[in-house]
Each structure stands twice: as C-alpha cells, then as structure tokens.
There are 2 protein chains.
Amino acid sequence: MTIQDRLYQEIARKLIDALATGAFKVGDRLPAERELSAEYDVSRPTIREAMIALEVQGLVEVRVGSGAYVRRLPGKEDNPGFNVTAFELTEARLLFESEAAALAATQITDEELAELAQRVKDIALENQTEGGTEEADRQFHLAIAQATRNTAVYQAIEELWKLRRSSPESALLHAKARFANIKPVVDEHSAILEALRNRDPKAARSAMRTHLSSVLDSLLFATEEKAIEEARRAVAAKRDRYNRVSS
Amino acid sequence: MTIQDRLYQEIARKLIDALATGAFKVGDRLPAERELSAEYDVSRPTIREAMIALEVQGLVEVRVGSGAYVRRLPGKEDNPGFNVTAFELTEARLLFESEAAALAATQITDEELAELAQRVKDIALENQTEGGTEEADRQFHLAIAQATRNTAVYQAIEELWKLRRSSPESALLHAKARFANIKPVVDEHSAILEALRNRDPKAARSAMRTHLSSVLDSLLFATEEKAIEEARRAVAAKRDRYNRVSS
DNA sequence: ATGATGATATTGGTAAGGCCACTAAATGAC
DNA sequence: GTCATTTAGTGGCCTTACCAATATCATCAT
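Residues numbered from 1 in each chain as written. Chains lettered and ligands numbered in written order. Predicted model: local features only at pLDDT ≥ 70, side-chain atom pairs only at ≥ 80, totals over all residues. Heavy atoms only, no water.

A. Focus on the pairing of strand S1 (residues 60–63) of chain B. All names here are of chain B. Judged from the 4 bridges that link them, S1 and strand S2 (residues 67–70) form a sheet pairing that is antiparallel. If you follow arginine 63 over to S2, its bridge partner there is glycine 67. A loop of 3 residues connects S1 with S2, the two strands running antiparallel in sequence, and glycine 65 in this loop sits at a positive phi of about 75°. (Pairing = 2+ DSSP bridges. Helix = DSSP H or I, 4+ residues; strand = E, 2+ residues; numbered from the N terminus.)

What follows is the structure, encoded as structure tokens:
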C-alpha cells in the first residue's frame with residue numbers, strides 16, 4: 001500500500017519552496033540541471049520532470065542552451081502577460097479594435113448606440129476632472145467589442161485591456177499620454193460613434209484607426225518625455241513600420 | 001533552423017487533442033508509455049514528460065504499475081471562454097490574423113520566411129496522412145503572429161488557438177471541415193507565404209482573408225451536414241454580415 | 001466449485017551515459 | 001576598436017537497463 005510518491009513531485013515541491021523562501025528572484029537563473037541533479041541526489045531526468053512541472057505552472061521559463069529562469073514567484077497569481085509594453089498593447093488594439101468596429105457597424109442595435117452615446121459623455125466628464133480614470137473609455141471600447149456579437153472577439157479585446165492594467169509602468173505611461181491629448185479624444189470617440197450610427201463598416205474602421213493612431217502618437221510623446229532613449233528609438237521604428245502597413 | 005519547440009509540449013498537445021476529440025472518456029486508461037512511445041515515435045522519457053504536463057494540469061492521473069487514467073476532459077474548467085463556437089473563433093481569426101499578416105509582412109525576416117516555407121510543406125504532409133493533426137497549421141499561423149514583433153498580438157492570437165482546442169465540439173467540427181477542404185488549404189497557405197516574401201502588407205492581409213474565409217465556408221458546410229438547423233441559420237446570417245464588412 | 005496463493009507479465013519509476021543543438025562569453029583576426 | 005571565430009556550458013532528447021508496484025491468471029487447498 002505504499003504510495004509511491006512520484007519523485008519529481010517531491011523535487012518540484014522543494015524547488016517551489018526555494019522560490020518561495022526568496023532564494024531566487026524573478027529573472028534569476030536557476031542552477032543547471034546537472035548541478036541540481038547532484039544537489040538533490042537524483043538523476044537528471046527527474047530534475048527535468050520537476051522543471052517541466054514548474055514550467056507548466058508558469059513559474060519558470062526554460063531557454064535552450066541558456067538555462068531555466070524564474071518567471072514569477074509562487075503565491076502570486078498568474079499574470080499571463082509579461083513584458084508587454086504600452087506601445088505593443090496599443091498597436092494590438094489598433095489592429096484588432098479597428099476590425100471589431102467594422103464588424104460592429106453591421107450588427108449594432110439602437111440600444112447599444114444609445115449606450116455608446118452615454119459613454120462618450122462620460123469620457124468628456126472624465127477628462128474634465130483632474131485625477132480622472134479611464135473607466136468610461138474602457139467601457140466604450142468594450143461595448144463596441146460586445147456589439148460584434150462574437151464572444152471570441154470580445155474576449156480577445158477584453159484580454160488586451162486586462163493586460164494594460166497588469167503593467168503598472170504601462171498604466172503610468174498611459175496616464176501621461178492622456179494628459180497630453182485630451183480634447184481630440186472626445187472628438188475621435190464621437191467620430192467612431194457617428195460611423196457606427198450610420199452602420200458604415202469602413203468609416204467605423206477608419207475612425208477607430210484614427211483614434212488609436214492618435215493614442216499611439218501620444219505614447220511616443222510621453223515616452224520621449226521619460227527620456228528613455230532606447231525605448232524611444234524602438235518605438236519610433238515600430239511607428240514607421242506601422243505607417244507602411246496602414247497606408 | 002529547426003525551432004527547438006520542446007518536443008514534450010508537442011506530444012502533450014497531441015494527447016490533449018486526442019482527449020478533446022473524444023478518443024477517450026473520463027476514467028479510461030491511456031495506452032502504456034511504451035506504446036505511446038512507439039506510436040508517436042519519440043522516446044519514453046519524452047512521453048513521460050508530456051504525461052507530467054497533463055498531470056500537472058489535472059487532466060490525467062498516473063497510477064504506478066497500472067497506467068494513466070483520464071481525470072477530466074480539457075476545456076471544462078480552466079477556460080473562462082465557454083460558449084465560443086467554431087464559427088466565432090474562425091471569424092475572430094479572420095479579423096485579427098489578417099491584420100497580423102499585414103503587420104508581419106513589414107517585419108518578417110528571411111529565417112522566418114524559411115521556417116514558414118517548411119511549415120507549408122508540413123501542412124501538405126499532414127493533409128496526406130489519414131489521421132493527421134493540425135499542428136503544422138497551428139505553427140504556421142503562430143509563426144506569422146510571432147513575426148509581427150508584437151507580444152500582445154502574439155498572445156491574443158495564441159489565445160484564440162487555445163480556445164479552439166478547449167472546445168471538444170469545436171475540434172470535432174474543425175476536423176470534419178478539414179476533411180472537406182484539403183487541397184485549397186495548401187494553395188492558400190502558399191499564397192500567404194508568397195505575399196509575406198514580397199513584403200506586401202496588403203497582399204498578405206488579402207491572402208489571409210481569403211484563406212480564413214475559405215475555412216469559414218468549410219465550417220458552414222460541415223455544420224449543414226450535422227443538420228443542426230438553428231446553428232446553420234445563425235451562421236449563415238453571420239456569414240452575410242461578414243461579406244458586408246469585408247467588401 | 002470456490003476462494004486463497006503465488007508465479008509471471010505488464011506498467012510506471014528511476015538511473016546512467018551519450019550525443020546533439022543552441023547560447024553566450026572568451027578569444028582571435030583585422 | 002570591431003567583427004568573426006572558437007569554446008565551454010547548457011538544455012533537449014535518446015538509448016539502455018534495472019527496480020518497484022500492480023494486474024493477471026494458473027495453481028492448489030478447502
């Protein structure tokens with residue numbers, strides 16, 4: 001009746017304990033498989049199995065030829081999106097939400113149009129207040145995603161907004177960008193609403209592209225302000241390539 | 001040149017696919033490690049690694065000396081996305097992946113183009129074999145997402161493929177659709193590759209749209225076969241609206 | 001006939017060793 | 001100084017082998 005506790009599980013527990021105790025920080029490299037093999041006095045395959053258990057749980061990332069690196073610490077619930085920069089997020093929104101807007105234009109109901117109109121007013125209000133949030137903005141865009149009548153589309157776009165929240169640095173950057181770009185935002189949202197009201201897919205797509213391109217530009221400006229030269233250059237390069245795509 | 005996609009992950013995906021397509025029921029015993037080793041033409045340690053990946057996810061339970069037993073079917077618990085139909089998924093891919101292809105056209109490297117060429121060959125091979133999987137197809141599309149150099153875009157598209165696998169009914173429908181639409185798939189993928197090779201964003205977007213529209217049509221056909229009238233009508237309506245969007 | 005017992009086959013568990021591919025840092029050539 | 005090359009070090013995967021737990025079934029005592 002001896003339960004043959006699987007060895008790899010025991011090793012995996014020990015490794016997780018080691019992470020939890022703070023022996024390693026995020027980004028640190030774990031010892032090589034051969035070293036761990038000697039340290040815990042088990043074979044390398046067993047170490048590999050334990051490592052896979054950790055990898056499946058998102059705790060570590062294994063890079064071929066380099067080693068195993070800590071991705072997140074145990075106890076912290078998963079943040080699937082990691083090094084997603086504010087620029088990447090907005091670029092993704094530009095691609096996806098523009099298409100969603102086009103699709104929504106063919107499906108949207110009068111009730112949803114009324115809701116969107118209210119959201120536009122909310123956005124104007126938010127912008128007038130000093131420490132305003134971006135909640136109305138978020139709801140505006142999610143409502144459009146909802147109007148596509150496609151669960152997969154909605155979930156994907158919702159996921160992008162979650163990613164935006166998960167990165168503090170990203171949120172900060174967005175806040176600065178919003179500050180530098182207040183008035184146009186209201187007009188741009190109105191333009192999107194107008195296109196949807198006319199059930200015009202192409203116009204809706206175009207208006208959404210214009211809006212998010214504007215946000216992208218704001219991000220560029222904010223990034224320059226932060227004087228992170230490296231990031232600025234990378235972003236600028238990306239901006240150029242985007243212009244080629246959407247032209 | 002060979003992407004060191006970890007072999008155990010590939011095997012794990014195939015096993016999960018097998019579970020999703022209904023090859024096994026809850027409580028069933030999976031083939032022995034040695035059998036699976038021969039079946040998938042990999043070593044036993046690799047099978048063990050894949051099995052551990054499934055075990056950590058709670059899909060199977062391994063009993064020493066007896067075998068591995070199905071604990072639950074994939075896609076029930078872990079995915080918040082539930083009622084995502086095969087049509088919705090493909091429609092979302094049509095919207096998103098087309099834009100991703102356009103973006104990738106401006107960024108793709110020669111190495112990535114070579115990899116894509118290999119994937120096209122793999123897809124042809126997969127289609128020739130009887131019980132072929134859709135692994136090559138998946139890798140083709142994910143490679144394009146990767147070529148966008150945008151983590152957010154990649155994650156979103158990867159999420160769509162995960163959703164696809166999480167719904168057994170969806171996987172089944174796709175299998176039927178694939179059967180009814182073999183030859184064009186290879187040509188369509190070739191067309192996408194050619195557009196990317198020319199670094200032509202518009203052509204890439206167009207080729208991807210053509211491809212996924214074709215998949216959408218296959219789904220319609222398969223749905224009709226299943227004689228689910230209600231679903232068919234809903235899908236047909238959506239198809240019409242999509243034609244309006246993309247025109 | 002029936003139930004207990006033990007031999008044997010099957011299955012997963014682990015170890016050891018080997019070779020390959022990839023990575024990155026040290027080294028050398030220019 | 002810059003760039004290409006070399007060289008350890010690393011993980012990826014395979015092969016072989018043996019051990020341990022379990023399942024199966026023939027055998028035997030009742």
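There's more to say after this.
B. Quick look at the packing of aromatic side chains. On inspection of all chains with the given rule, the structure shows 1 aromatic pair over all chains. When the centroid spacing of 4.1 Å and the interplanar angle of 20° are considered together, the rings of phenylalanine 96 of chain A and phenylalanine 96 of chain B count as stacked. One end of the pair, phenylalanine 96 of chain A, is in helix H4 (residues 86–105); the other, phenylalanine 96 of chain B, is in helix H4 (residues 86–105), on a second chain. For phenylalanine 96 of chain B, a relative accessible area of 0% translates into the label buried. If you follow arginine 63 of chain A out to its NZ or CZ, it ends over the ring of tyrosine 69 of chain A, 4.0 Å from the centre. (Phe/Tyr/Trp six-rings, centres within 6.5 Å; stacked < 30°, edge-to-face > 60°. Buried < 20%, exposed > 50% of the residue type's maximum accessible area, 1.4 Å probe, protein only. Lys NZ or Arg CZ within 6 Å of the ring centre and 35° of its normal.)

C. Broad picture of unusual backbone geometry. Residue and element names in this part refer to chain A. In this model, arginine 149 sits at a positive phi of 65°, which is unusual for a non-glycine residue. Mapped onto the elements, arginine 149 comes out in the loop between helix H6 (135–146) and helix H7 (151–166). Positive phi values are uncommon outside glycine, yet arginine 199 reaches one of about 55°. Tracing the backbone through its elements, the reader meets arginine 199 in the loop between helix H9 (183–197) and helix H10 (201–226).

D. How the structure looks around the packing of helix H1 (residues 7–20) of chain B against helix H3 (residues 44–56) of chain B. Residues and elements named next belong to chain B. The N-to-C vectors of H1 and H3 enclose an angle of 60°; their axes lie 8 Å apart at closest approach. Here H1 lies oblique to H3, going by the angle between them. Of the two possible hands of crossing, H1 and H3 adopt the one that is right-handed. Of the residues in H3, those touching H1 at Leu7, Tyr8, Ile11, Ala12, Leu15, Ile16 and Leu19 are Thr46, Ile47, Glu49, Ala50, Ala53 and Leu54. (Axes fitted to C-alpha atoms, helices over the stretch in contact; angles between N-to-C directions. Parallel < 35°, antiparallel > 145°, perpendicular 65-115°, else oblique. Left-handed = near helix turned anticlockwise from the far one by under 90°. Contact = heavy atoms within 4.5 Å.)

E. Spatial organisation of the protein's contact with DNA strand C. Close to DNA strand C lie 25 residues, the nearest being Arg6, Leu7 and Ser43 of chain A together with Arg44 and Arg48 of chain B. One of the side-chain nitrogen or oxygen atoms of serine 43 of chain A is found 2.8 Å away from a phosphate oxygen of DNA strand C. Contact between DNA strand C and arginine 44 of chain A: a base oxygen at 3.2 Å from a side-chain N or O atom of the residue. Elements supplying a minimum of two residues to the surface near DNA strand C: helix H3 (44–56) of chain A together with helix H2 (33–40), H3 and S1 of chain B. With 3 residues, the single largest contributor to the surface near DNA strand C is H2 of chain B. Residues belonging to the surface near DNA strand C are distributed by class as follows: 7 nonpolar, 8 polar and 10 charged. (Near = heavy atom within 4 Å. Polar contact = N/O pair within 3.5 Å; in protein donor to acceptor, adjacent residues only side chain to side chain. Nonpolar A, V, L, I, M, F, W, Y, C, P; charged D, E, K, R; others polar.)

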